Number of protein chains: 2
Amino acid sequence: MQAPLTQSQENLTSSPLEDMSQYFSEDMLAVNTLILDSMESDVALVKQIASYLIAAGGKRVRPLLTLAGSALCGNVTENSHLLAAAVECIHTATLLHDDVVDESEQRRGNPSSNSVFGNQAPILVGDFLFSRAFQLMVRTQNIHALKILADASAIIAEGEVLQLSILGKLDTPLSTYFKVIEGKTAALFAAACESGALVGDASQQQQKAAHDFGLNLGMVFQIIDDLIDYAGDETVTGKKAGDDFREGKVTLPIYLAYEQASKEEKAFFESVFKTPSDKQTDFNKALNIIEKYDAITRSKEIAQGYYDQAITNLDVFPDTAVKTYMTQLLNFTLNRKF
Amino acid sequence: MQAPLTQSQENLTSSPLEDMSQYFSEDMLAVNTLILDSMESDVALVKQIASYLIAAGGKRVRPLLTLAGSALCGNVTENSHLLAAAVECIHTATLLHDDVVDESEQRRGNPSSNSVFGNQAPILVGDFLFSRAFQLMVRTQNIHALKILADASAIIAEGEVLQLSILGKLDTPLSTYFKVIEGKTAALFAAACESGALVGDASQQQQKAAHDFGLNLGMVFQIIDDLIDYAGDETVTGKKAGDDFREGKVTLPIYLAYEQASKEEKAFFESVFKTPSDKQTDFNKALNIIEKYDAITRSKEIAQGYYDQAITNLDVFPDTAVKTYMTQLLNFTLNRKF
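Quick caveat, the model's predicted, so the values are computed rather than measured.

Novice: Please give an account of the overall build of chain A that cites residues and values.
Specialist: Within chain A, the regular secondary structure consists of 17 helices and two strands. Over its C-alpha trace chain A gives a radius of gyration of 20 Å, about what one expects of a compact globule, namely 20 Å for 338 residues. Projected onto the principal axes, the alpha-carbon positions of chain A cover approximately 60 × 50 × 40 Å. Within chain A, the proportion of its 338 residues that are buried is 62%. Restricting the contact set of chain A to residue pairs at least 6 apart, pairs at least 24 apart contribute 78%. Just so you have it, chain A exposes about 13,000 Å², and 49% of that area is on carbon and sulfur atoms. Taken as two groups, the 28 positive and 44 negative side-chain charges of chain A have centres that lie 4 Å from each other.

Now the structure itself:
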């Protein structure tokens, strides 16, 4: 039996993903080989740090989406494998950097790379993996695929800086929150699906639909992730609720509650997001206000809106097993409790 | 009059570079516009940090080498501009990350980005500029150019990690030092020249020669840079000698002196590189041992070897003004005192 997961970001771990991993098992074998090859380096410390995080698990959600993007349109080819591996390298690079930026202590249930190796080397190994990602893309000889992933990488970095720059600020417009989670999660989901579709011989319409599907799936995923931080069942999530709260990250449930809050409640939010609090009493008070204004239900309704769009995005693809998996993945992502 | 430069890395600032900037003034105008455009972002903090470093100066050595690579073979085109800007974006991204890794306080005579903005945002803005570099390359539609620069980026990151992992270790082979400075400087010089040559319609022989020229020039540059840290005239360099010594970075003069040092001198080096020392007496003692074993002269002889190769690399190119500039740049790089 697996150890309980402590990283909600990677908790897309029920049957749809397992089923897809099974369905794409031969392809994923090839993708994993490419990922492992990408960590190779004459510099021992590079390999050590890169392997440390990649070996620690992760559900390979993004590579699976790349393969699915190809399969939805036509065939999974060697280029799909290369892009799937590239996407995972980009993802891993961002995790290495995010953990340094957030001073994270844990990642995927293990001590984070920065906890083990300090801040310096993980920054540089992130750069290395990012370079490796582009080397993998170059091997496809497909300049459009490179464009899709270079554009996504810029959006990811911008989203992360935006998240930093609004830390604790409750007066930022809701659109800013959506831009942050697009950068944090949805942009790479979109690029994974779109680049997969591109090399799967998608029509232009299908390529756009694959992009939009990934984007909407990513938005659902991140909104639910943010909501679970206030509404998750700890016995199921295996992680302590309130991480975002303690880090001063203003997420959707807080935005929605704050909008309707009384003067006094607003003042409370302003104080605990200005100077993040790790007091359980403060967290409980926040939970009460969130509940009072029905902010969890309303957050989920917003996620449902993205879900509905994603379902529509699938219309242009022929009915296949992979299309069914995509629908199941969407359902699971919206309804997961952990 | 310019303020004294404090960053030796950017001290290639005598006439050859100024002459080249003049010669390529229209092209450099286009390149600078592309660089400025690359810093554009809806996220204010991204633009602020990217501009901070880029506006602080820098001699645009690498973009000039890209333009020169094209000019040596044929014509400078819009693709040369795009790659020149891409190379500068990669360089700037590495500076942002290096300053965080090295906990630098100064860069180009100003407080470093990390001193001003903290460590978090500069890491992410580095990622952003790295992505922008690949977006610029994508615009050339030239997959080979992308390969050249993606490969170089991986070597750069590996070199930086290698440098970290041998910090203070005197028993590493000299070949490791050369690998470090290849990553630190020569790989991007090589890629700048080679990618410029590629889009300047170079023959395969010319493309290889451009790469090798850049590599050898970069090796000369970094060896002299490392040597100046022990032999530079502070009244000329405007910076305090001994930075590498105080940071525990083992560079060529130390390697060469250590090899021949007595048991007692070896023990001294081992102690001050194990726990870096900022005592002037220790630095002076190191200087004496370096002088005793003629390690500065011998370092310069090694640089001369790379210089000779670089001169030979230029043979395949027709005689042009730019070829003359390249020779002058080499001479200047070998003989600079700052």
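Anyway, onward from the coordinates.
Novice: Kindly report on unusual backbone geometry, identifying the contributing residues and their values.
Specialist: Residues and elements named next belong to chain B. Backbone geometry at Arg60 places phi at a positive 55 degrees, although glycine is not the residue there. Following the sequence through the fold, Arg60 ends up in the loop between helix H3 (44-55) and helix H4 (61-73). What makes Arg60 buried here is its relative accessible area of 14%. With a phi close to 60 degrees, Asp294 is a non-glycine residue in the positive phi region. Structurally, the position occupied by Asp294 is in the loop between helix H15 (280-292) and helix H16 (295-313). Taking the relative accessible area as the measure of exposure, Asp294 reaches 41% and is therefore partly exposed.

Novice: Describe the packing of aromatic side chains, with residues and values.
Specialist: Residue and element names in this part refer to chain A. Scanning the model with the defined rule gives 30 aromatic pairs over all chains in all. With a centroid separation of 5.0 Å and 85 degrees between ring planes, the pair formed by Tyr23 and Phe24 is classed as edge-to-face. On the accessibility criterion, Tyr23 (44% relative accessible area) is partly exposed. Exposure remark for Phe24: the relative accessible area of 2% places this residue in the buried category. Within the aromatic cluster, the residues linked to one another by ring pairs are Tyr230, Phe245, Tyr258, Phe268, Phe269, Phe273 and Phe283. A cation sits over an aromatic face here: Lys266 above Tyr258, 5.2 Å from the ring centre.

Novice: Run through helix H9 (residues 174-199) of chain B, naming residues and quoting values.
Specialist: All names here are of chain B. In a regular helix each residue adds 1.5 Å, so 26 residues correspond to 38 Å; H9 covers 35 Å between its end C-alpha atoms and thus fits that length. Taken across its 26 residues, H9 has 21 buried, putting it largely inside the fold. Just past H9, the residue Asp201 takes up positive phi, approximately 60 degrees.

Novice: Could you give an account of the environment of Glu265 of chain B, naming the residues involved and the relevant values?
Specialist: Residues and elements named next belong to chain B. Tracing the chain through its elements places Glu265 in helix H14 (residues 263-274). Sequence separation between Glu265 and Ile289 is 24 residues, and the spatial gap between their C-alpha atoms is 7.5 Å. Those residues within four positions of Glu265 in sequence are excluded, and the remaining contacts are Ile289, Lys292 and Tyr293. Reaching out from Glu265, the side chain makes a polar contact with the side chain of Lys292 at a distance of 2.6 Å. At a separation of 2.6 Å, a polar atom in the side chain of Glu265 contacts the side chain of Tyr293.

Novice: An account of the environment of Val61 of chain A is requested, with residue identities and associated values reported.
Specialist: The topology assignment puts Val61 of chain A in helix H4 (residues 61-73). C-alpha of Val61 of chain A to C-alpha of Ala85 of chain A: the two residues are 24 residues apart in sequence and 11 Å apart in space.

Novice: Explain the interface of chain B and chain A residue by residue, including any values.
Specialist: Between chain B and chain A, the contact holds 39 residues from the first and 39 residues from the second. Linking chain B with chain A are zero salt bridges, by the criterion used here. Counting the contacts that link chain B with chain A gives 12 residue pairs in polar contact (both at pLDDT 80 or more). Element by element, the count of residues in the side of chain B that touches chain A is highest for helix H8 (residues 143-165) of chain B, at 14 residues.

Novice: Can you lay out helix H7 (residues 120-139) of chain A for me, pointing to particular residues and giving the numbers?
Specialist: Residues and elements named next belong to chain A. Between its terminal C-alpha atoms H7 stretches 30 Å, which fits the 28 Å expected from 20 residues at 1.5 Å a residue. Along H7, 18 of the 20 residues are buried, which leaves the element largely enclosed by surrounding structure. Gln141 lies just past H7 and shows a positive phi near 60 degrees.

Novice: Pulling in residues and values, what's your account of the relation of the copies chain B and chain A?
Specialist: Its rotation angle being 180 degrees, the transformation that places chain B on chain A also includes 0.0 Å of axial translation and leaves an RMSD of 0.0 Å. Read as a symmetry element, the transformation amounts to a two-fold axis. Ranked by how close their C-alpha atoms come to the rotation axis, the residues of chain B are headed by Ile143 of chain B, at 3.3 Å. A shared interface surface links the copies, since 100% of the contact residues of chain B are contact residues in chain A too.

Novice: Describe the packing of helix H10 (residues 204-231) of chain A against helix H17 (residues 321-335) of chain A, and please don't skip the residues or the numbers.
Specialist: Residues and elements named next belong to chain A. With their axes 9 Å apart at the nearest point, H10 and H17 run at an angle of 25 degrees to one another. Regarding the angle of H10 to H17, the classification is roughly parallel. You can see that H10 and H17 cross each other, and the crossing is left-handed. When H10 is examined against H17, the residues Phe213, Leu217, Val220, Phe221 and Ile224 are found in contact with a partner set consisting of Met326, Leu329, Leu330, Thr333 and Leu334. Across the contact of H10 with H17, the residue classes tally to nine nonpolar, one polar and no charged.

Criteria and cut-off values
- All residue numbers here refer to positions counted from 1 along the written sequence of the relevant chain.
- Throughout, the order in which chains and ligands are written sets their labels, letters from A for the former and numbers from 1 for the latter.
- The model is predicted, so local features are restricted to residues of pLDDT at least 70 and side-chain atom pairs to those at 80 or more, both for listing and for counting; the totals for chains, interfaces and linings are taken over all residues.
- No hydrogens and no water enter the side-chain calculation; it runs on all heavy atoms of the structure.
- Runs of E in the DSSP output that reach at least two residues are strands. Runs of H or I that reach at least four are helices, and both are numbered from the N terminus.
- Both definitions apply: the radius of gyration is a C-alpha atom measure, and the globule rule equals 2.2 Å times residues to the power 0.38.
- Here's how the labels work: a residue is buried when its accessible area is under 20% of the maximum for its type, exposed when over 50%, partly exposed in between, all with a 1.4 Å probe on protein chains only.
- Contacts were defined at the residue level, with two residues in contact if any of their heavy atoms lie within 4.5 Å.
- Per-residue accessibility takes into account occlusion by the displayed protein chains alone, with areas from the Shrake-Rupley method and a 1.4 Å probe.
- All tallies of charge rest on Lys and Arg as positive and Asp and Glu as negative; His and the ends of each chain are not included.
- In plain terms, the charge of a residue is placed at NZ if it is Lys, CZ if Arg, CG if Asp and CD if Glu.
- Between the rings of Phe, Tyr and Trp (Trp by its six-membered ring), a pair exists once the centres lie within 6.5 Å; its type follows the angle of the planes, with under 30 degrees stacked, over 60 edge-to-face, and the other angles tilted.
- Two limits define a charge over a ring: the Lys NZ or Arg CZ must be within 6 Å of the ring centre, and within 35 degrees of the ring normal.
- Here, expected helix span is obtained from the residue count minus one, scaled by 1.5 Å.
- Nitrogen and oxygen atoms within 3.5 Å of one another constitute a polar contact, given that in protein one can donate a hydrogen and the other can accept it, and given that sequence-neighbouring residues count only through two side-chain atoms.
- Whenever a carboxyl oxygen of Asp or Glu lies within 4 Å of a side-chain nitrogen of Lys or Arg, that contact is scored as a salt bridge.
- The superposition of copies rests on a least-squares fit of C-alpha positions from residues with pLDDT of 70 or more in both.
- Inter-axis angles, ranging from 0 to 180 degrees, are taken between N-to-C directions of lines fitted to C-alpha atoms, where helices are fitted over the stretch in contact.
- Each angle gets one of four labels, with under 35 degrees taken as roughly parallel, over 145 as roughly antiparallel, 65 to 115 as roughly perpendicular, and the rest as oblique.
- Each helix crossing is assigned a hand: it is left-handed if the near helix lies turned anticlockwise from the far helix by less than a right angle, otherwise right-handed if that turn is clockwise.
- The nonpolar class holds Ala, Val, Leu, Ile, Met, Phe, Trp, Tyr, Cys and Pro. Asp, Glu, Lys and Arg form the charged class, and all remaining residues, Gly among them, are polar.

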